[in-house]
Every structure is written in structure tokens, then in C-alpha cells.
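Overview (structure and organization)
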Amino acid sequence: MSYKPFPELTKADESKVSELLSQWSLANGLVMYPPNFKTYSAAIAPTTLFPTPFPRSAFQNAVDVQQSFNELYTNLVANHKEWLIEVITQLSQHDVGFTGKLFEAYNKAVEESPNKELVQPLSLGVFRNDFMIDNQEASSTPGIKQIEFNTVSVSFGALSTKVGQLHNYLNKFGVYGKNYYSNDELPISTSIDELADSLAEADSHYKKQQSVDDSIILFIVQPNERNCFDQRHIEYSLINNHSIKSVRLTLEEIESQVEVRNSDQKLFIKATSEEVSVVYFRSGYGPSDYDLNPELTWNARVILEKSAAIKCPSLLTQLSGSKKIQQILTKKEIVKKILPSITEEDLSKLLSTFVAIYPLDDTEEGKLAKKLAFEHPERFVLKPQREGGGNNIYKANIPGFLKSIDEKEWDAYILMELINPPTHKNKLIRNDEIYNEDIVSELGIFGTILFDEQKGGIISNKNAGFLLRSKFSSSDEGGVAAGFGCVDNVYLY
Ligand code: ADP
Ligand code: MG
Ligand code: MG
């Protein structure tokens, strides 16, 4: 399959487009705060000038497997809790500082709950499954391979919709050439509204369950969040489409600003007595969210977990997204056990997205992996149990890194085959500079699922749009907020 080349622009055209793009972004909220910001002044988010070619069949495959993946993770949490807890217990011993702390918070919350059972059985998953196209399969249709499955604080659902609208605007305006892309080639992610819809649906179940008419959604955010507009768009959708208000608090603020009623563990905002139906975490996924004030922040996590509000995600759901679980889930027998009624077709679609991931333990597989890590490090990335980018060890750095730590600690890492995505010469715009470099892209598919974490049972399971992020192919990682990457949109061919 072939695709159209990127539109050609003269230098003069380029600066005109750059102005159109910047002003559209500022006018429509495709923005972030710059470092050391003042509240009143945002900057355009780094984006590509053009959408990046992406094979339609691969895109469709990623969309098609999302609901199976949603179910895989929630069935693991709800129906195989003991086994999940066993794995997490092991992992906690190796990663005391973070996985261990999350698990400790979970145990404390259970311990302190009536009859040692958390009072809210319902749980909301807002997930993002990340993929890259693997070039090694160029012989047939290029396949998608999973990078990771995120179960907490997934971001860019809102800026994704915005960048899709931006590229469509530039296309319709004619700056790429007259009708350069058809509508069908330039989809717009519906993620802003669909992520908000999932929160609203959880809110509505809470209202029915608790027989209340009024409730709000609590966003747990980082102090001085530069990516807050990505969250605000979801809040605006909640209020515009569902008349649901949201309140933003940091983990540090929880103890002083919320109140939990003794009789039924209902959660209220102290100052206003507003009742919280859903706690939506956009913070709390990494050690730095706790380190400045560990006592206050970890206690906040326990308070919220024990409360009657529906958590997005619950601590166990967050823990199910650890890289170790991802490694274990690449095994066919295990997937089949967790999804007993999956069709053969859906199962093979799901399994086809995996590359090899190895444990670094004392099993036969682990021993092989230890050998591979030293003999062929160029084929691998080493991942710790962390989220949010910037934590992995790549290729030639792997042997030295492993030697620098005690072999007993290796089990806290997974060894993953590198995916080799195709490169494209798109243009990146960051502030007022245009970069013309080879980029690679990562496709994220959003999925939402409302389920009963105690009895099992899925209330609703949905796709919720997509995200394309691109980065210079010369950099190993592509965090947009971290400054390595940008938001992009697919041109489906
Ligand atoms: P995090 O949870 O910190 O985002 P990821 O697993 O997504 O961790 O890794 C971060 C980045 O590293 C990805 O966005 C991708 O750019 C790169 N990466 C991760 N795994 C692979 C892989 N198997 N092949 C190629 N690049 C990878
Ligand atoms: Mg992640
Ligand atoms: Mg990632």
C-alpha cells in the first residue's frame, strides 16, 4: 500500500501555516503551560504540521482489540484477585519504594474497611493501550505491536481531539493543497467526549446506588500541572454535556479538604458539602507524586480508596497495569484463562499484538533472558515498574545497568524486544520553531470500562477514541510534556 507524500510548502508558506496553526491552537485550547508558568499565559502544545501516514488496517486492528483488552485487565482484577495479589506481593518485595507502597495502601484500606471489604464494589477503568507499527513485518501488512497498557492517569485524550481538529482545519483551509486529504483519511478522535461520558456514566451509577440527585467528580491532580488543559477539556465536556461539576484537588490537599462520613464512608468536599461520586486520578502514578510529603499523600490514597466514591482507577486496577503483569499476560494460556469466552479470532488478534517480553528471574525463561540481555542488548529495552516516561534502559546501556545493581533486584525489571517503527519526515512545531526530522509515532487507543471489582461483572465496555504521539526517531523516549515528543494525528491510508 502506498500513501501520498507530505504536502510541500515553501519557506514563505511555512511561516504562514505556522501562524495559522499557532492561532488556531491558542483559540481552541491545543495548549500547555510552559515551564515556570503564570496562570494567565499558556503556550501552544508541540504538534506536527501534517498528519502522519498510518496504515488503516493496523489502525483498525488496534481499535478492534481494545474491548478485549479492557476485559482482560478488569477480569484479572475482579475474577483473579488472589493470583494478582500474589504477583503484586512478590513484586512489592523487589520494588519496595513504589509498587510496595501502592500495595501497602491497598492493604491498609482493606484492613480498615468494615468486614475488611472496600465499601464501593464498582470501579472505573480509563485505559490507554499504546502501540507502534513494527517494520520487521513489512513483508505482509504492517502489524501493530503493543508498547504498554496504561491503567492510571492516561493523558492526551483531549489534546488528541484538538490536534485532529487542527489538521482538519488546515486541510479544509487549503494550506496542504486543495482537498489534499479526504475526510475519511483524517479522522478526529472522539476522546474528549467519550472519556467524559465514561465518568458521567460512573456518576450516574453512583447516584442510583446511593439514591442521591447531586454529586460532583473529584479530579486528583498534580500541583502546578502544565498539562492541565488536557484535563480541563474533559471537565468542560462533563459540565456541558452532562451538567456534572468537577473539583480539582492535589493528593496533599485531600486530608484537609475532604470529609468522609463515618456511617457509610461517603466522601464530601468539606467547604461546600458536595458529595463526590467518582475520584478520577490524574496524579499518583509515580513516586514523585508522593515523595515531597509521603505521609500526607499516601494517607490521602488510603482515605480515597476506603471511601464510597467510585475510583478511576482503584489501587488494584492501577497495580494491574504494572510492566510485570504485561509480561505475564503475553502467554496464551493465561489470556485464555482470564478470558474464557473469548473467540479464537479475537484471541489471535489480541495475541498478535505482543512482542516477546521476558522476566529476569530464575525460571528457564528468565535464565535465557539474562543471557540475551548481555549477548544481544541492542535488541531490547529494559523496563522497571514505573509510569510516566523516562524510566527505561535501552540497548547498549542494559548490561552496564544490570551489573550496577544486585542480581537479586533484576526480577523487578522486564526485558522487552524493541519494536522498529517506520520513520517519516514530518515537520514538528514547538513554540515558534519548525523542525524537519525523521519521526516515529506511537498510537494510543483509549478504552473505558465500568465493572464490579468484588463480584465480577461488566456494566459497560467501550472504545473511547485514539491518540497519535510522535517523536524524533533519534530519541529513545517520546514524552510530550517532558519535551521529547508532540501530539500528532493519523492520515489513514
Ligand atoms: P511509560 O509507562 O514510562 O510510558 P513505556 O513502556 O511506554 O513506559 O516506554 C516509554 C517509551 O519508550 C515509549 O513511549 C516508547 O517510545 C519507548 N518504548 C517502550 N517500549 C518499547 C519497545 N518495545 N520498542 C520500542 N520502543 C519502546
Ligand atoms: Mg505507561
Ligand atoms: Mg508509555
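Nothing here was measured: the structure is a model prediction, and the numbers come from that model. (Residues numbered from 1 in each chain as written. Chains lettered and ligands numbered in written order. Predicted model: local features only at pLDDT ≥ 70, side-chain atom pairs only at ≥ 80, totals over all residues. Heavy atoms only, no water.)

**With respect to the packing of aromatic side chains**
Within a pair of aromatic rings, the relevant descriptors are the distance that separates the centres and the angle that separates the planes. One pass over the full model with this rule turns up 26 aromatic pairs. Ring centres of Phe98 and Tyr290 lie 6.0 Å apart, and the angle between their planes is 50°; this geometry places the pair in the tilted category. One end of the pair, Phe98, is in the loop between α3 (81-94) and α4 (99-111); the other, Tyr290, is in the loop between β11 (274-281) and α9 (294-306), with 192 residues separating them in the sequence. Judged by relative accessible area, which is 4%, Phe98 ranks as buried. Aromatic side chains Tyr491 and Tyr493 sit 6.3 Å apart centroid to centroid with 55° between the ring planes, which places their arrangement in the tilted category. Counting every residue linked through ring pairs, the aromatic cluster contains Tyr3, Phe6, Phe50, Tyr176, Tyr180, Tyr181, Tyr491 and Tyr493. Between Lys4 and the ring centre of Tyr180, over which it is positioned, the NZ or CZ distance is 5.6 Å. (Phe/Tyr/Trp six-rings, centres within 6.5 Å; stacked < 30°, edge-to-face > 60°. Helix = DSSP H or I, 4+ residues; strand = E, 2+ residues; numbered from the N terminus. Buried < 20%, exposed > 50% of the residue type's maximum accessible area, 1.4 Å probe, protein only. Lys NZ or Arg CZ within 6 Å of the ring centre and 35° of its normal.)

**Some remarks on helix α5 (residues 157-173)**
Because an α-helix completes one turn every 3.6 residues, residues spaced three or four positions apart along the sequence face the same direction. With 17 residues, α5 should reach 24 Å at 1.5 Å per residue; the first-to-last C-alpha distance of 25 Å fits that figure. Across the 17 residues that make up α5, a large majority, 13, are buried. Following α5 by one or two positions, Gly174 adopts a phi angle in the positive range, close to 95°. (Expected span 1.5 Å × (residues − 1).)

**Digging into the site of ligand 1**
Near ligand 1 there are 20 residues, and of these Lys323, Lys383, Gly389, Tyr394 and Glu442 occur at the shortest range. Interatomic distance of 2.7 Å between a backbone N/O atom of Gly389 and an oxygen atom of ligand 1. At 2.9 Å from a nitrogen atom of ligand 1 is found a main-chain nitrogen or oxygen belonging to Glu417. Elements with a contribution of two residues or more to the shell around ligand 1: β6 (143-150), β14 (380-383) and β16 (414-417). A class-by-class count of the residues in the shell around ligand 1 yields seven nonpolar, three polar and ten charged. Looking at which domains feed residues into the shell around ligand 1, each of domain 1 (11-355 + 430-492) and domain 2 (358-418) supplies at least three. (Near = heavy atom within 4 Å. Polar contact = N/O pair within 3.5 Å; in protein donor to acceptor, adjacent residues only side chain to side chain. Nonpolar A, V, L, I, M, F, W, Y, C, P; charged D, E, K, R; others polar. Domains from an automatic or database assignment.)

**Comments concerning the domain arrangement of the protein chain**
Split by domain assignment, the protein chain resolves into domain 1 (11-355 + 430-492) and domain 2 (358-418). Distance from the C-alpha centre of domain 1 to the C-alpha centre of domain 2: 26 Å. Around 1,900 Å² of area is buried between domain 1 and domain 2 when both sides are counted, 48% of it from carbon and sulfur atoms. Sorting the residues of domain 1 by area buried against domain 2 places His94, Lys323 and Glu477 first, and these three jointly supply 34% of that buried surface. Counting across the interface, domain 1 meets domain 2 through four salt bridges. Note that Glu365 is salt-bridged to Lys331, the shortest N-O span being 3.4 Å. Going through the elements one at a time, α3, β6 and α11 (323-328) are the ones with two or more residues in the side of domain 1 that touches domain 2. Within the side of domain 1 that touches domain 2, the residues separate by chemical class into six nonpolar, nine polar and seven charged. (Buried area = accessible area lost by both parts, 1.4 Å probe. Salt bridge = Lys/Arg side-chain N within 4 Å of Asp/Glu carboxyl O.)

**Focus: the packing of helix α1 (residues 11-28) against α5**
Two elements in contact, α1 and α5, have axes whose closest approach is 10 Å; the angle formed by their N-to-C orientations is 140°. In terms of orientation, α1 and α5 fall into the oblique class. The chirality of how α1 crosses α5 is right-handed. Facing α1, whose interface residues are Val17, Leu20, Leu21, Trp24, Ser25 and Asn28, α5 presents Lys162, Gln165, Leu166, Tyr169, Leu170 and Phe173. In the contact of α1 with α5, the residues fall into eight nonpolar, three polar and one charged. (Axes fitted to C-alpha atoms, helices over the stretch in contact; angles between N-to-C directions. Parallel < 35°, antiparallel > 145°, perpendicular 65-115°, else oblique. Left-handed = near helix turned anticlockwise from the far one by under 90°. Contact = heavy atoms within 4.5 Å.)

**Brief notes about the coordination of the magnesium ion (ligand 2)**
Bound to the magnesium ion (ligand 2) are the protein donor atoms Glu148 (OE), Glu148 (OE), Asn150 (OD1) and Glu387 (OE), situated 1.9 to 2.3 Å from the metal. Separating the magnesium ion (ligand 2) from the magnesium ion (ligand 3) is a gap of 3.6 Å, which Glu148 spans by donating to each of them. Residue Glu148 is found in strand β6, and its partner Glu387 is found in the loop between β14 and β15 (393-394); the two are separated by 239 residues along the sequence. Side by side, Glu148 and Glu387 carry an identical accessibility label, which is buried. (Donors = N, O, S within 2.8 Å, 3.2 Å for Na, K, Ca; no water.)

**Here we look at empty space enclosed by the protein**
Tallied over the full model, the rule gives one cavity of 30 Å³ or more. The space that makes up the largest cavity amounts to roughly 140 Å³. Lining the largest cavity are 14 residues, with Phe98, Leu102, Gln318, Ser322 and Glu387 sitting closest to its centre. At the level of elements, α4 and α10 (315-320) are the ones that each hand at least two residues to the lining of the largest cavity. (1 Å grid on protein atoms, 1.4 Å probe; cavity = no way out; pocket = protein on both sides within 12 Å on 5 of 7 lines; lining within 4 Å. Points joined across faces, edges and corners; volume = space filled by probe spheres on them.)

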